[in-house]
Every structure is written in structure tokens, then in C-alpha cells.
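Overview (structure and organization)
Each chain, written out:
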Amino acid sequence: LDLANRRFILGSLLLAVYRSGLHKGEGCFNHNGKSVGLALVLEEAHELFGSQGEDEDAFSATTRTALYESMHRRARALGVRLIDVVQNPGDIPGAITSNTATVITHRVYDEADRKRMFSLLNWSNAIGQQLREWRWLGEMPVGYAIVRLHAKTSYLESAPVQIVCEPAVLG
């Protein structure tokens, strides 16, 4: 399918799940906080936002982005966890990433993508601060990741840590 039809189908699916949850009530997908909840993984999520190209007018792109932002904000109340897998984090609107609790990042080259990841990892890119981390985002070896988890009781639980998710010695 082309991009416009993929966006339409995915948007329709998300809207159907959301409306079903509204009908059943808050917490219906996670049994009122007693389970993990419904997790929807959106691969290549950066394609959902932004302009489609020359064929789409600005009003349609703005309306579609606003709908997806609204869906991301409101789905959490129903127990739906939307997992956005992106290659270009800089393309994701701030309204989506403002509610991000858990972040996993691999090597990032583009400056806009690095700025977004710095923001999501709660790092400061002020002059002279964390220059080593800024550089490491672009030099991280294959198989390494930086992870920031959602803090449960203390802000120290959400400090970014580096992990090896695929040892380089394995084939």
C-alpha cells in the first residue's frame, strides 16, 4: 500500500480501538491497572506524521497529525500502550514525545534526531555539558543501546543507562 492508504488504515484501526475503549470505560484494556495492558507497536511511526508530499495540502497534514497526537495522549487512560518505533526521532511531534515514559535508542547521526533523543533522555545540551554523551550517540557501536525507564518511586530510576543488547562476538 502507498503511504496515504497505510496512514488511513492505521488511523482507522487506532480510532476503532480507542472508541471501543471509550465505550467500555477507563482502564478497560489493562483491567484497571491490574495488568500490563494492550500494547500496540507502531513500526516506522515517523511516517504517520508530517507531510505526505506534493499531493497533500497543509490542512490535511495538520489535521492528521493532530488526530494522531490526540490518540497518543488519550489512549493511556484506557490502558493502551502505544510503542512508536522510529528511525527519525526528530520527525516526531513534541506532543507525542511529551508523554514518553520509556526510551530506547541506538546510534543516532542526524542533529535533529540527536536533539530529540537528548531531550527524551533528560540530558542537558547546554554549552559544555554532556559533550561526551552527545558524541557517543553518533559513535555507539552496533549492539549497544541507551535506555531510560519510567521512574516508579525516585527520579534516580529514570537515569539513562547503557546496555549491550547484542554482543558483537555473536554471529
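Refer to the preceding data block for the structure.
Residues numbered from 1 in each chain as written. Predicted model: local features only at pLDDT ≥ 70, side-chain atom pairs only at ≥ 80, totals over all residues. Heavy atoms only, no water.

**Some thoughts on the sheet that holds strand β4 (residues 144–148)**
Spatial ordering of the open sheet is given by β3-β4-β5, a layout of 3 strands whose pairing is antiparallel. On the outer flanks of this sheet lie β3 (103–105) and β5 (161–164), each paired with one strand and no other. The mean inter-strand angle of the sheet, taken between neighbouring strand axes irrespective of direction, is 30°. In this structure, β3 lies alongside β4, joined through 3 bridges in antiparallel fashion. For Ile104, the partnering residue across the bridge sits in β4 and is Val147. (Pairing = 2+ DSSP bridges. Helix = DSSP H or I, 4+ residues; strand = E, 2+ residues; numbered from the N terminus. Axes fitted to C-alpha atoms, helices over the stretch in contact; angles between N-to-C directions.)

**Digging into the environment of Asn99**
Summarising the element assignment, Asn99 is placed in the loop between α3 (94–97) and β3. Separated by 21 residues in sequence, Asn99 and Leu120 place their C-alpha atoms 9.9 Å apart. The residues touching Asn99, leaving out its near neighbours within four places in the chain, are Arg73 and Arg76. (Contact = heavy atoms within 4.5 Å.)

**Quick look at the layout of surface pockets**
Space inside the largest pocket adds up to approximately 1,200 Å³. Elements with a contribution of two residues or more to the lining of the largest pocket: β1 (38–43), α2 (58–75), β2 (80–85), α3, β3 and α4 (111–120). The element contributing the most residues to the lining of the largest pocket is β2, with 6 residues. Residues of the lining of the largest pocket, tallied by class, amount to 17 nonpolar, 9 polar and 8 charged. Listing elements by their share of the lining of the second largest pocket, those giving two or more residues are α1 (3–24) and α2. Residue contributions to the lining of the second largest pocket peak at 8 residues, all from α1. Taken together, the residues of the lining of the second largest pocket break down into 8 nonpolar, 4 polar and 4 charged. (1 Å grid on protein atoms, 1.4 Å probe; cavity = no way out; pocket = protein on both sides within 12 Å on 5 of 7 lines; lining within 4 Å. Points joined across faces, edges and corners; volume = space filled by probe spheres on them. Nonpolar A, V, L, I, M, F, W, Y, C, P; charged D, E, K, R; others polar.)

**Thoughts on unusual backbone geometry**
Residues other than glycine seldom take positive phi values, yet Glu44 does so here, at roughly 55°. Relative to the assigned elements, Glu44 resides in the loop between β1 and α2. If you check the backbone angles, Asn122 has positive phi at about 60° while not being a glycine. On the secondary structure map, Asn122 appears in the loop between α4 and α5 (131–139). Residue classification places Asn122 among the exposed positions, given a relative accessible area of 55%. (Buried < 20%, exposed > 50% of the residue type's maximum accessible area, 1.4 Å probe, protein only.)

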